[in-house]
Amino acid sequence: MPRAPRAVPAWLAHPFRWQRLPVPWPAVVRGALCAGPLLGAGIATGHPVPGVLTGLGSMMAGVNDRPGTRRTGMVHIGLPALACGLGTLIGASLQSAHAGWWTVPALCAVAFVSGVASVAGPVRSTAGMQMLATAVLGAGMPLPGAPWAKSLYVLAGCAWLLLLRLVLRSPRPAGGALGGERAAVAAVFDALADALTAIGGEGAEPARRRLTSALDRADEALRLRRLTDRLLRRAVRAEEALLAERFAAATALCEASVALLWEGRPLPAAVAESPRRFAAALRTGEAPGRLSAPTNSSAARGAFDRALLAAAVVFARSEPSAAYGAQEPREASAPYGPSTPYGPSTPYGPSTPYGPVAASMPYEPSAQPAPAGRPAPVVSPPTASGPRRPGRWRALPGRVRGFLDRRTRRGRDLLGPAARDYGLRVAVCIGASTAVALLLHPEHWYWLPATATFLVKPDLGPLFSRTVNRFAGTVAGVLIFALGGAVLPGSWWPALAAGIGGAVLPFATRHFALQTSAITFMVLAFVWVGGDPQAAGERIADTAIACGIVLVVGHLPRLADPRRGIAQRAVSALHATEAFLRHVLAAEPGAGTTAERLALRRNAYHALGQARTAAETAAAELLAARDRTPDWPAILAAAERIVDAATAAAIRIDHGARRPSPEEAARLGEALSAMAGALADPGRRLPHLHDRPVAPVPDCATLTDVAAELERMRGHTGAV
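Described in the following lines is the structure provided in the data block. All of these numbers come straight from a predicted model, not from anything done at the bench. (Residues numbered from 1 in each chain as written. Predicted model: local features only at pLDDT ≥ 70, side-chain atom pairs only at ≥ 80, totals over all residues. Heavy atoms only, no water.)

## A few points about the overall build of the protein
When helices and strands are counted, the protein shows 28 helices and zero strands. The buried share among the 720 residues of the protein stands at 54%. For the protein, the proportion of contacts with a sequence separation of at least 24, taken over those separated by at least 6, is 80%. Counting only carbon and sulfur atoms, one obtains 63% of the accessible surface of the protein, whose full area is about 30,200 Å². (Helix = DSSP H or I, 4+ residues; strand = E, 2+ residues; numbered from the N terminus. Buried < 20%, exposed > 50% of the residue type's maximum accessible area, 1.4 Å probe, protein only. Contact = heavy atoms within 4.5 Å. Areas by Shrake-Rupley, 256 points an atom, 1.4 Å probe, with all protein chains shown as cover.)

## With respect to a nonpolar patch on the surface
A contiguous nonpolar patch, built from Val29, Leu33, Met74, Trp160, Leu163, Leu166, Val167 and Leu168 and spanning about 640 Å² of accessible area, is present on the exposed surface. Of all the elements, helix H8 (residues 147-167) adds the most residues to the nonpolar patch, at four residues. Mapped onto the fold, Met74 is located in helix H5 (residues 70-96). (Patch = residues over 30% accessible without salt bridge, like charges linked within 9 Å, V, L, I, M, F, W, Y side chains within 5 Å. Salt bridge = Lys/Arg side-chain N within 4 Å of Asp/Glu carboxyl O.)

## Brief notes about the packing of aromatic side chains
Taken as a whole, this structure holds eight aromatic pairs when the rule is applied. Relative to Phe464, the ring of Trp11 has its centre 5.1 Å away and its plane inclined at 80°; by these criteria the two rings are edge-to-face. Within this pair, whereas Trp11 is found in helix H1 (residues 10-13), its partner Phe464 is found in helix H19 (residues 463-487), the two being separated by 453 residues in sequence. When the centroid spacing of 5.5 Å and the interplanar angle of 50° are considered together, the rings of Phe189 and Phe278 count as tilted. Of this pair, Phe189 sits in helix H9 (residues 179-198) while Phe278 sits in helix H12 (residues 269-284), and the two are 89 residues apart along the sequence. (Phe/Tyr/Trp six-rings, centres within 6.5 Å; stacked < 30°, edge-to-face > 60°.)

## A closer look at empty space enclosed by the protein
Inspection of every chain in the model, using the stated rule, returns nine cavities of 30 Å³ or more. There is about 130 Å³ of room inside the largest cavity. The wall of the largest cavity is formed by 13 residues, among which Trp447, Ala450, Phe454, Arg470 and Val523 lie closest to the centre. If you list the elements that add at least two residues to the lining of the largest cavity, you get helix H4 (48-63), helix H7 (122-140), helix H18 (447-456) and helix H21 (512-529). In terms of residue count, the dominant contributor to the lining of the largest cavity is H18 (four residues). (1 Å grid on protein atoms, 1.4 Å probe; cavity = no way out; pocket = protein on both sides within 12 Å on 5 of 7 lines; lining within 4 Å. Points joined across faces, edges and corners; volume = space filled by probe spheres on them.)

## Here's the deal with unusual backbone geometry
Its identity as a non-glycine residue notwithstanding, His98 has a phi of 50°, on the positive side. Along the chain, His98 falls in the loop between H5 and helix H6 (103-116). Residue His98 is classed as exposed on the basis of its relative accessible area, which comes to 70%.

## Remarks on the side chain of Arg510
Assignment of secondary structure puts Arg510 in the loop between helix H20 (493-504) and H21. Although Arg510 is buried, it makes no salt bridge; Asp65 carries the closest opposite charge, 13 Å away. A polar contact of 2.9 Å, which involves the side chain of Arg510, links it to the backbone oxygen of Pro22. (Lys, Arg positive; Asp, Glu negative; His and termini not counted. Polar contact = N/O pair within 3.5 Å; in protein donor to acceptor, adjacent residues only side chain to side chain.)

## A word on H4
In this model, H4 (16 residues) spans 23 Å end to end at C-alpha, consistent with the 22 Å of a helix rising 1.5 Å per residue. Burial of H4 is extensive: 14 of the 16 residues sit out of reach of the surface. (Expected span 1.5 Å × (residues − 1).)

## Observations regarding the packing of H12 against helix H13 (residues 299-316)
Two elements in contact, H12 and H13, have axes whose closest approach is 12 Å; the angle formed by their N-to-C orientations is 20°. By the angle between their axes, H12 is roughly parallel relative to H13. As for the relative orientation of H12 and H13, their crossing is left-handed in sense. For the pair formed by H12 and H13, the contact residues are Val271, Ser274, Phe278, Ala281 and Leu282 on the first element and Arg301, Phe304, Leu308, Ala311, Ala312 and Phe315 on the second. Partitioning the contact of H12 with H13 into residue classes produces nine nonpolar, one polar and one charged. (Axes fitted to C-alpha atoms, helices over the stretch in contact; angles between N-to-C directions. Parallel < 35°, antiparallel > 145°, perpendicular 65-115°, else oblique. Left-handed = near helix turned anticlockwise from the far one by under 90°. Nonpolar A, V, L, I, M, F, W, Y, C, P; charged D, E, K, R; others polar.)

## Here we look at H20
With 12 residues, H20 should cover 16 Å at 1.5 Å per step; its first-to-last C-alpha distance of 17 Å lies within 8% of that length. Residues of H20 that are buried sit in contact with helix H2 (25-32), helix H3 (35-44), H19 and H21.

## A look at the pattern of salt bridges
Across all of its chains, the model carries 25 salt bridges by this definition. The partner of Asp190 in a salt bridge is Arg283, with the nearest N and O atoms 2.6 Å apart. In this pair, Asp190 sits in helix H9 while Arg283 sits in helix H12, placing the two residues 93 residues apart along the sequence. Here Glu240 makes a salt bridge to Arg237, at a shortest N to O gap of 3.3 Å. A residue is classified by how much of its surface remains accessible, and Glu240, at 2% relative accessible area, is buried. Each of Glu205, Arg208, Arg209, Arg612, Glu640, Arg641, Asp644, Glu709 and Arg712 takes part in salt bridges that share partners, so that together they form one network.

In structure tokens:
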């Protein structure tokens, strides 16, 4: 009997994964006009140092030049740009002070901060990594000049790309000034149509996750638009308020679609076609046309049909409702806790019949509801004239305390064991690579720690995959640059190389090796003009040494336990799920608003998505002790199904179904809380978790499913 072929291990297959993404042609054009022309201008004017530093800054900014609205681009590029300026200032100060071996502890401190930032979100994580990279390059590249001048040159290069992003962009769609925001909301309706089409099939849950991602992007675009209005003290325009109402309608439709997903009954094609008509109406400005006819076959379908009718009413209006249009920007309240980094949690005014627009999206850590048994954030009570708003500078100490308070989700992330492990891992790798480089060749030591910087970040993918792709990409970039130097004589060809690399960089996000090749190609052009034409063989050897250091440090027992990083995110996700479940099962009618329910549901989905990403990354790691780790994907999938079933239960309760008794609600909430406790403290055995099964809820199919998923999850947590 022939033996069945063995599956390729995940750690071995991951380096060959290639993302299929559309070509961002505007970003390609911007990349070609950034580093190359800046470096060429420096060469042509006889001032190579400003050309090198501005080109380096534009390269760092080009890594973050992703599709999105102009305002999301300002945040995703601007915050890392400030970090690059700070990193250059630190590194150049070390070089001007001739720090010598004191450079090692100084870079270790910067590396620790960079590693801790890995748990604070993708934008902050990128800012931390680029701060560390520019600190290493600023301390090692032999460039003359004052530290503050070098920092300003790097910031000028980042600002050049930001200016190009504002000037060179895709043709404005029919949405006018709100074209980017309209496209983001239209993408929500398209993702909703895909999710409705997939109901009853194997792709239902992935489609729901894509819908959650589309909601995240749309809400970010709207919140950044609102932030701009607040900073400019500008009243909300009618088209902004109308778009906010349409996004609120999309949020209500999404909640009903989750309940339909739980039912699992395939829907007619006309039902999925209705959201696509809304998407087309947003893009073209025309009426959505004929929608699907209502059929009150179930509570979920009835809720969806009513939300569809409400959306049709919103799309039929050319002006916002009086409730949205009458409120000034500074009068918007924030009923869900402290402000997020982009403004208050409800920036678009009072509630619609389906809740405020931002209620679907306060997933930022500061808006995370406090888990049961933990104190909630303190919110200033409203005054007679409206909500109390402390001054910007008077509120600053409170915001700092929010970062360092373990009671908040952001504080638990930054001060938790995963953040300490990540920080120590990055610090040890950078310190070891810097020390080895200073011993081997003190004249141009920066290449080795700079390579380790892009390798050691724990949130960039599996360690083995990063190492393989980094080495392959570096070798390819070094060899291509050496070939170009041999074929193209003269002093101008590094500018051409930087321009080609900048144009390839937006396309290179599909694969880490391709991105590494483009970055290596550009950095070599910068250091060549800067007066450090190191041999290609030495750079490849330095890359190999950095890969070896990162692999060794990355598998040290205390710094490479996958359960510490995943468990922290999983526990946070389970607490968010518990908060949503307890809200749905509140014993008294009217105990919470629909807006609060939408906020808690989105918080739960967002936290579960982050935990699932961390679990997928850990599953592709090269670890010998993997068989002792819990089945994280199964635990998180069960938690997602609990959120789905709880959403369906909420809709059924709204339509007259029996509300669970306080004892039943407390039993389900305590079971989920106990499972989160078991994951947070693997060494502690909880008898009420392992010895008492989770009983189903009679006469309620949705909550019986919740109990079944809790029981299934209980089996997985018992292995912790």
